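Secondary and tertiary structure notes
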Amino acid sequence: MNRFLVTSVLGRPALEFHETIDSTNLRARELALAGGQEGTLVAAERQTQGRGRLGRAWHSPPGLNLYFSLILRPPLSPEHTTCLTLAAGLGAAEAIERITKRRPDIKWPNDLLISGRKICGILSEMEVRAGRADFVILGLGLNVNLGPEHLPPEIASLAGSLLIATGRPWDRAQLLAALLNGIEGAYFDLVRGRRAAILSRYREHCVTLGSMVEVAQGTTRRRGRAVDIDESGGLIVESLDDGRRITVDAGEVTLIKPTPLENP
Ligand code: BTN
C-alpha cells in the first residue's frame, strides 16, 4: 500500500492490520481513548461484528473487501462533523472514480452506489468532550471483489461491489491507499476552511437531491423533495403538504423509490 500512499497524516502515525477483529471501529475507539494519534489506521481482513449505520450489521467476509477505521481529531465543533462525514464520502467517491473510472453516486449522507447498488458505507462515531469533538472514528467498508454468490439474500438486491460493477477484480492495497489519499484531501479542504468547495463537489455526486424522501420525526412521517444540502451538511427537504423547508438529520430520512408510474 505504501507505494501508492501520498498522505501526510492518514495511515502515518500507526497502522494495525488484523486477520480477524470484531469491528475496526471498536478497536480504533479503544486506541483513541488511550491517546491514539490522528491518522491512526486499523484495518482488517474480516470482521465478526462489522457495524453499519442505524444499528445495522455490516457484512464483512474475509479476503474480498476493505474494512478500516481512522482516528481523526478534527478542530471542528460537533455541529460541523456532519460535513466531515460528507467530506469523507466525497473523498472516497473521488478516489474510487480515479482508480476504476466509474463514478459512484452518493446517497446522502454517505452511501456510495454504482448502478443503484451500495458498494461502500461509512460509519462515523464522535466522542465529545467539553463541547468539542475530542475524536471521530471514521470507519469505511468497501465491497471490492465480492461476487453475487457472496451476498446474503437479505442484501442481494441492494448491495454491489466494484467487481460486480466493472466485471473485473481490483487490487485492494492500491484502493486502500487511494481512499486514504482521497479522504485526506477532502478532510484537509474542510478543516482549512474550504467547506463551500467540498459541498459543491458533494452536490454534484449526490443522487438524493431532487428525489422524494420520507422524513420521520418523532411519530410523524412526512414526504417531501430533497432540494439542497445546507452549509452544515444537513439535508433540506421541501414538504409535499405545504412547501415548507426543513433541515433533517441522517437517521430521519429514507429515499422513496419512484414507481414506474411516477417516473415513466
Ligand atoms: C453503513 O451502514 O453504511 C456504514 C458501514 C460502515 C462499515 C465499516 S467496515 C469498517 C468499520 N468497522 C465497522 O464495524 N464498521 C465500519
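Residues numbered from 1 in each chain as written. Predicted model: local features only at pLDDT ≥ 70, side-chain atom pairs only at ≥ 80, totals over all residues. Heavy atoms only, no water.

With respect to the environment of Pro62
As for its placement among the helices and strands, Pro62 is situated in the loop between strand S2 (41-47) and strand S3 (66-72). Overall, the relative accessible area of 48% leaves Pro62 in the partly exposed class. Between the alpha carbons of Pro62 and Gln47 there is a distance of 7.8 Å; along the sequence they are 15 residues apart. When sequence neighbours within four positions are dropped, the list of residues in contact with Pro62 reads Glu45 and Arg46. (Helix = DSSP H or I, 4+ residues; strand = E, 2+ residues; numbered from the N terminus. Buried < 20%, exposed > 50% of the residue type's maximum accessible area, 1.4 Å probe, protein only. Contact = heavy atoms within 4.5 Å.)

Side note on the sheet that holds strand S8 (residues 212-217)
Pairing is antiparallel across the open sheet formed by 5 strands, whose spatial order is S11-S10-S9-S8-S12. Whereas interior strands pair on both sides, the edge strands pair on one side only; in this sheet they are strand S11 (245-248) and strand S12 (253-255). Direction aside, neighbouring strands of the sheet carry axes that sit 45 degrees apart on average. When strand S9 (residues 220-229) meets strand S10 (residues 235-239), the two strands line up antiparallel, connected through 5 bridges. The partner of Gly224 across the bridge, within S10, is Ser239. (Pairing = 2+ DSSP bridges. Axes fitted to C-alpha atoms, helices over the stretch in contact; angles between N-to-C directions.)

What about the packing of helix H4 (residues 172-191) against helix H5 (residues 195-205)?
It is the contact of H4 with H5, at a shortest axis distance of 7 Å, that shows an interaxial angle of 135 degrees. It follows that H4 is oblique to H5 by the angle criterion. Side by side, H4 and H5 meet where Ala186, Asp189 and Leu190 of the first sit next to Arg195, Ile198 and Arg201 of the second. By residue class, the composition of the contact of H4 with H5 is 3 nonpolar, no polar and 3 charged. (Parallel < 35°, antiparallel > 145°, perpendicular 65-115°, else oblique. Nonpolar A, V, L, I, M, F, W, Y, C, P; charged D, E, K, R; others polar.)

Quick word on the pattern of salt bridges
Per the counting criterion, the structure on display carries 18 salt bridges. With a closest N to O distance of 3.6 Å, Arg73 and Asp134 form a salt bridge. Placement of the pair is Arg73 in the loop between S3 and helix H2 (81-100) and Asp134 in strand S7 (residues 132-142), with a sequence separation of 61 residues. By relative accessible area, Asp134 is classed as partly exposed at 21%. Among the salt bridges present, the one from Asp242 reaches Arg244, with a minimum N-O distance of 3.2 Å. Salt bridges linked by common partners bring Glu94, Asp189, Arg194 and Arg201 together as one network. (Salt bridge = Lys/Arg side-chain N within 4 Å of Asp/Glu carboxyl O.)

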